[in-house]
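# Tertiary structure, described
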Amino acid sequence: MTESMNRLVFVSNRVGPLGDEGKAGGLAVGLADALRRRGGLWFGWSGETSEEGLGGELRSETHDKTELVTVDMTEEEAQGFYLHYANRTLWPLLHYRLDIAEFDRDSDRTYRAVNHRFAQRLRPLLKDDDLVWVHDYHFFYLGAELREQGYTGRIGFFLHIPFCPPEILGALPASLDLVSAMLAYDVVGFQTETDRRNFVTYCVQELEAEELDDGLVRVGERLTKTATFPIGIDAEGFAEFARSAEAQEHQAMVQGMANGRAQIVGVDRMDYSKGIIQRFRGFEQLLEDYPETHGQVRFLQVAPVSRGQLDAYAELRVELEQLAGNINGRFATLDWAPMQILTRGFTRKALAGIYRASRVCMVTPLRDGMNLVAKEYVAAQDPEDPGVLILSRFAGAKAELGAALIVNPYSSDDVSRALHYALTMPLDERRRRHALMAEKVFQNTAARWCDGFLETLKAFDGGRHVDNPDDAILQKPWLWDKALRLLGAVRPG
Ligand code: ADQ
């Protein structure tokens, strides 16, 4: 089969932008690039709510060989699916935060219903030889729903966020259904081997799956391929951004504000998984433990507000602002304030300039699927005089960027020591570490991630093979729950 015979179909919660508007993050860049090269369809939520919701009109925009198709949700669908189940249940749970994950039956139902309706709207648009690639924790059930609706073409799934261990996932009342549904996909991709292993272990322990070679998992006669595909960035493009006039302007502004002091930066969506509070404490510890840094460093945290409708996020913002205020109150002098928070977004070029102006970048999530900020920081540096990356051992990026200063983000001692080490690191060590990281960042790009996944999906033909139609239920573990409920029986295991 030649490449041109398989149309690409991407499904993600939000679609686009397709053009290089200088605003898109890694995911959008990777997918848009593949669509520009090969053409295809990108399907998702419009981000709008309307009375008709998912039953309403499909909106379509065509750019060259690519079609963007979106649909609204009702207010109730958006609340239950997006705000509640995706962001209050799945996001914290998969980031190992069982303590703040909320479980309730209504949003679980809405989440499944939305997956069902998305499949209904997408199904008529699909051709048998499409390569359908579904993204992220919003759509765990979508593949199984498409199968239910008779789609037999290839469907792959990629999880951008971590997959927690079975001991944590098991707390989700619907965990068995959710993982069973994932087995309807032909290929299930993860950011890291840890995530993949957690998934396979759950399948083995809870679904009596058999683990075969090459990442294959068998349940009954059903085969699913699991693999890791660490996401990357358009590194060349980002390095170019860092040399643009807009970047240089921002670089000069940041350097002007720093006024000869060493600039430390953190850039994150304001999210509790990013460990920003712990990072502030680590910085405070630096000021306590190393008084010689007073007046010599400046910490800028860029944290645009995200998911502001959720209490946990609103509380985080208040806590961060208070903590920064306390640190400034404690250490500032007439001519020096140690830290600053900006809660606005920047263009990619501006961001590249901010990274380049910073001697140290702190990427210290408590748990992160990958973390593209770490890769962007590396790509934006001047290789002759690069800055130092401090990276959490709990970020997926650690698997590739082991040459960063690796820290335990929960330990303010560890963070403070790493900061001090970074601030005093000699140029040749900075260059050496940067070169090792740059090699990975410029090699494992967004385009490579995308092509790697699609090649694996295209090459895999094992998942839809049926030897004995009588065993159909065994080949469709995602139907077990339904079947067993009909029989009034308990779930397997
Ligand atoms: P996110 O949790 O959003 O992504 P991350 O990978 O760091 O986390 O990507 C954030 C993106 O937003 C970066 O491209 C960054 O430049 C951008 N950004 C952050 N602050 C910004 C600002 N102030 N202005 C402009 N842009 C800003 C999820 C997972 C990650 C995974 C990605 C991709 O949680 O682990 O790496 O998907 O798979």
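Just above, that's the structure.
This section reports on the structure supplied with the text. (Residues numbered from 1 in each chain as written. Predicted model: local features only at pLDDT ≥ 70, side-chain atom pairs only at ≥ 80, totals over all residues. Heavy atoms only, no water.)

### A look at unusual backbone geometry
Pro17 follows Gly16 through a cis peptide bond whose omega is 0°. Its place among the elements puts Pro17 in the loop between strand E1 (8–14) and helix H1 (26–38). With phi around 70°, Tyr96 is a residue other than glycine that occupies positive phi space. Note that Tyr96 resides in the loop between helix H2 (75–94) and helix H3 (105–122). What makes Tyr96 partly exposed here is its relative accessible area of 22%. Phi is positive for Asp214, which is not a glycine, with a value near 60°. A residue is classified by how much of its surface remains accessible, and Asp214, at 62% relative accessible area, is exposed. (Helix = DSSP H or I, 4+ residues; strand = E, 2+ residues; numbered from the N terminus. Buried < 20%, exposed > 50% of the residue type's maximum accessible area, 1.4 Å probe, protein only.)

### A word on helix H12 (residues 348–356)
By the criterion of burial, H12 is predominantly enclosed, with seven of the nine residues buried. Regarding H12, the residues found buried are Arg348, Ala350, Leu351, Ala352, Gly353, Ile354 and Tyr355.

### A look at the site of the ligand
Neighbouring the ligand are 24 residues, the closest being His160, Phe346, Asp368, Met370 and Glu376. Within the side chain of His160, a nitrogen or oxygen atom sits 2.7 Å from an oxygen atom of the ligand. A distance of 3.0 Å separates an oxygen atom of the ligand from a polar side-chain atom of Lys274. Here the ligand, which alone exposes 710 Å², has 87% of that area covered by the protein. Listing elements by their share of the shell around the ligand, those giving two or more residues are H12 and helix H13 (372–380). Of the residues that constitute the shell around the ligand, the class distribution is 12 nonpolar, six polar and six charged. Mapped onto the domain boundaries, the shell around the ligand takes at least three residues apiece from domain 1 (8–232 + 447–486) and domain 2 (235–444). (Near = heavy atom within 4 Å. Polar contact = N/O pair within 3.5 Å; in protein donor to acceptor, adjacent residues only side chain to side chain. Areas by Shrake-Rupley, 256 points an atom, 1.4 Å probe, with all protein chains shown as cover. Nonpolar A, V, L, I, M, F, W, Y, C, P; charged D, E, K, R; others polar. Domains from an automatic or database assignment.)

### Topic: the environment of Arg121
Considering the arrangement of structural elements, one finds Arg121 in helix H3. Overall, Arg121 belongs to the partly exposed group, its relative accessible area being 22%. Sequence separation between Arg121 and Arg222 is 101 residues; the distance between their C-alpha atoms is 26 Å. With residues up to four places along the chain from it excluded, the contact list for Arg121 reads Phe43, Leu54, Gly55, Gly56, Leu58 and Val71. Here Leu54 takes part through its backbone oxygen, which lies 2.7 Å from a polar atom of the side chain of Arg121. (Contact = heavy atoms within 4.5 Å.)

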